[in-house]
Structures are given as C-alpha cells and as structure tokens.
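One letter stands for each residue in the lines below.
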Amino acid sequence: MRIFIIYARKARTDNKFLLKDLAGSGGKMDTVCRFVTSCLWVSHGLRRDVDIYLVLNGPPRPPITIHISGENVKRMDPNERSIAIWIQKSLKGEITKDWKNIQEGIKVSAKSFQEIIKSLSDRPMYVLEEKGEYIEDIEIKENPVFVIGDHLGMPRNEEKFVLRYGEKISLGKQPYFASTCATILNWILDKRKL
Ligand SMILES: C[S@@+](CC[C@H](N)C(=O)[O-])C[C@H]1O[C@@H](n2cnc3c(N)ncnc32)[C@H](O)[C@@H]1O
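Now for a quick tour of the structure. Predicted model only: the values in this text are computed from it and were never measured.

With respect to the overall build of the chain
Link 1 in the chain: Secondary structure assignment for the chain yields five helices and ten strands.
Link 2 in the chain: At 15 Å, the chain has a C-alpha radius of gyration in line with the 16 Å of a compact globule built from 194 residues.
Link 3 in the chain: Taken over the C-alpha atoms alone, the chain extends approximately 45 × 40 × 30 Å along its principal axes.
Link 4 in the chain: Relative to its 194 residues, the chain shows a buried fraction of 39%.
Link 5 in the chain: Considering only contacts within the chain whose residues lie at least 6 apart along the sequence, 66% involve residues at least 24 apart.

Given below as structure tokens:
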C-alpha cells in the first residue's frame with residue numbers, strides 16, 4: 001500500500017469554484033486534480049494499492065481533508081474535470097471531524113494535516129523536498145507515506161511536524177510539480193517492487 005498526501009495551501013474548502021477556472025477560482029485546484037491522476041492511474045486503469053489524502057487549506061473553512069481509496073473508488077476518470085467534480089461533491093454541505101462518505105472510496109472530514117499525519121504515524125513517512133536525502137541512496141520501507149507540497153511548498157511548521165515521524169527525501173535538485181513527483185515515486189516503487 002502506498003499513501004500520498006498533498007498539502008494544498010490555497011485550495012478552496014467549499015464547492016464555489018469554477019470547473020473552467022480551477023487554478024484561479026479553485027486556489028490551484030488544478031494542481032490537486034493532476035496530483036490525483038498521477039497518484040492513481042496507470043494506462044489501463046487504477047492503482048488499487050494507492051491511497052491519497054488531499055489536505056485543502058484555502059478559504060473559506062480550512063482545513064478540509066479528502067481521502068481517496070484506490071481500492072474502492074468507482075466512476076472516476078483520470079481527467080482534471082472529472083476529479084474536480086468529485087472534489088466539488090465532497091466539499092458540499094456540512095463537514096465535521098468525522099469522516100463523511102461521498103461515494104465508495106471517497107470520504108471527507110475537517111481533519112487537519114497534523115491529525116492525518118498522526119493517524120498514519122505507524123508507517124514509514126517521507127517528506128519530499130529538494131534538499132532531502134537523495135532517493136536513489138536510501139531504502140524505501142514497505143507501506144510508505146509520501147508527503148508533498150503544492151506550488152508554494154510546505155509551510156515550515158507543518159514540515160517540522162512531519163519530520164517528528166519521518167525523513168526528508170529528494171528526487172534531485174530539479175524542482176518538479178507535485179504531480180510529477182507522484183509519477184516519479186510510483187515509477188521508483190514499481191521498479192523496486194514495493
Ligand atoms: C512545485 S514544488 C514546490 C516548489 C516551491 N517553490 C518550494 O520551494 O517548495 C511542489 C512540491 O513538490 C515536491 N518536490 C518538487 N521537486 C522535488 C524534488 N526535486 N525532490 C523532492 N521533492 C520535490 C516538494 O514536496 C514541493 O513542495
């Protein structure tokens with residue numbers, strides 16, 4: 001099982017954003033949607049061994065976390081629009097700290113980034129950062145959790161919090177999109193049969 005978490009600093013936490021303007025009205029929701037595609041899809045279908053947490057921290061009611069289970073999700077296509085529609089559905093109505101089921105494999109809660117990290121802290125955890133330990137030089141343990149920033153990177157205090165449980169790893173000096181990081185990580189894990 002692979003878990004990917006994105007910390008999206010500006011992504012909207014209600015459903016009042018435009019599907020044709022995910023970047024502007026959605027607070028870079030396009031980045032979040034592309035991230036989901038890169039985490040979950042291969043050419044002929046879904047990666048059933050992937051779980052994703054989208055931690056949305058934009059206005060008007062942060063934090064909101066959407067959880068997508070590759071094992072259970074249905075009726076989702078790999079295009080940005082389809083994913084954005086599911087995110088909009090997830091962000092409709094009242095959201096509390098308890099997980100609310102949106103459809104099979106998608107649930108939402110008002111849990112914060114730190115609450116999600118704590119709940120996964122029994123797994124090996126890796127924070128993606130250019131200045132971390134080069135991934136080719138380290139062993140990735142089974143059932144890893146990868147924490148990735150958005151276009152603005154992770155806030156320092158949140159990064160410090162994750163590092164209580166995990167370590168910083170790098171894909172090299174070149175900064176990549178969050179979605180590209182997910183693709184590279186999936187490729188490396190496939191190669192290592194993890
Ligand atoms: C577009 S980058 C963010 C760039 C942002 N300007 C910054 O300084 O953090 C999005 C996220 O992808 C991850 N990332 C991008 N390139 C990386 C690399 N070469 N190695 C490890 N992580 C990387 C980091 O988690 C980063 O927060």
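Considering the pairing of strand β9 (residues 145–149)
Link 1 in the chain: Taken across its five residues, β9 has four buried, putting it largely inside the fold.
Link 2 in the chain: Of the pairings in the sheet, the one linking strand β8 (residues 125–134) to β9 comprises three bridges and is parallel in character. Note that in β9 the partner of Tyr126 across the bridge is Phe146.

Details of the nonpolar core
Link 1 in the chain: The biggest cluster of nonpolar side chains holds 54 residues, and the ones touching the most others in it are Phe4, Ile5, Ile6, Val55 and Val147.
Link 2 in the chain: In terms of residues, this core owes the most to one element, helix α1 (residues 29–40), which gives seven residues.
Link 3 in the chain: Not counting chain neighbours up to four residues away, the residues in contact with Phe4 comprise Cys39, Val50, Ile52, Phe146, Ile148 and Ala182.

Comments concerning the site of the ligand
Link 1 in the chain: Residues in close proximity to the ligand total 19 residues, the closest being Leu128, Gly149, Gly153, Leu171 and Tyr176.
Link 2 in the chain: Broken down by secondary-structure element, the contributors of at least two residues to the shell around the ligand are β8, β9 and α5 (178–191).
Link 3 in the chain: Ranked by residues supplied to the shell around the ligand, first place goes to β8 with three residues.

Remarks on the sheet that holds strand β10 (residues 167–170)
Link 1 in the chain: Ordered in space as β6-β7-β5-β4-β1-β9-β8-β10, the eight strands form an open sheet in which the pairing is mixed. A single partner strand is all that each edge strand has here, and the edge strands are β6 (100–103) and β10. On average, adjacent strands in this sheet sit at an angle of 30 degrees to one another, irrespective of strand direction.
Link 2 in the chain: Against the sheet, helix α2 (residues 80–90) engages β5 (64–69), β6 and β7 (106–109), with an angle of about 45 degrees to β7.

Focus on the packing of α1 against α5
Link 1 in the chain: Closest axis-to-axis distance for the α1/α5 pair is 8 Å, and the angle between their directions is 10 degrees. As far as their axial angle goes, α5 and α1 are roughly parallel. On α5, the residues touching Thr31, Arg34, Phe35, Thr37, Ser38 and Cys39 of α1 are Ala178, Ser179, Ala182 and Thr183.
Link 2 in the chain: Its residues assigned to classes, the contact of α1 with α5 comprises four nonpolar, five polar and one charged.

What to know about the packing of α1 against α2
Link 1 in the chain: Closest axis-to-axis distance for the α1/α2 pair is 9 Å, and the angle between their directions is 110 degrees. Between α1 and α2, the interaxial angle falls into the category roughly perpendicular. Contacts between α1 and α2 involve Met29, Asp30, Cys33, Arg34, Val36 and Thr37 from the first element and Glu80, Ile83, Ala84 and Ile87 from the second.
Link 2 in the chain: Residue composition of the contact of α1 with α2, by class: six nonpolar, one polar and three charged.

Some points on α5
Link 1 in the chain: End to end, α5 covers 20 Å across 14 residues, agreeing with the expected 20 Å (1.5 Å per residue, within 8%).
Link 2 in the chain: Ala178, Ser179, Cys181, Ala182, Leu185 and Asn186 are the residues of α5 that are buried. On an axial view of α5, the arc spanned by its buried residues comes to 155 degrees, and they lie on one face. Away from its buried face, by an angle of more than 90 degrees, α5 presents the exposed residues Trp187 and Lys191.
Link 3 in the chain: Here the buried face of α5 lies against β1 (2–8), α1, β8 and β9.

About the cut-offs
Residues numbered from 1 in each chain as written. Predicted model: local features only at pLDDT ≥ 70, side-chain atom pairs only at ≥ 80, totals over all residues. Helix = DSSP H or I, 4+ residues; strand = E, 2+ residues; numbered from the N terminus. Rg over C-alpha atoms; globule rule 2.2 N^0.38 Å. Buried ≥ 20, exposed ≤ 12 C-beta atoms within 10 Å, placed from the backbone. Contact = placed C-beta atoms within 7 Å. Pairing = 2+ DSSP bridges. Core = buried A, V, L, I, M, F, W, Y, C linked by C-beta atoms within 7 Å. Near = placed C-beta within 6 Å. Axes fitted to C-alpha atoms, helices over the stretch in contact; angles between N-to-C directions. Parallel < 35°, antiparallel > 145°, perpendicular 65-115°, else oblique. Nonpolar A, V, L, I, M, F, W, Y, C, P; charged D, E, K, R; others polar. Expected span 1.5 Å × (residues − 1). Arc of directions from axis to C-beta.

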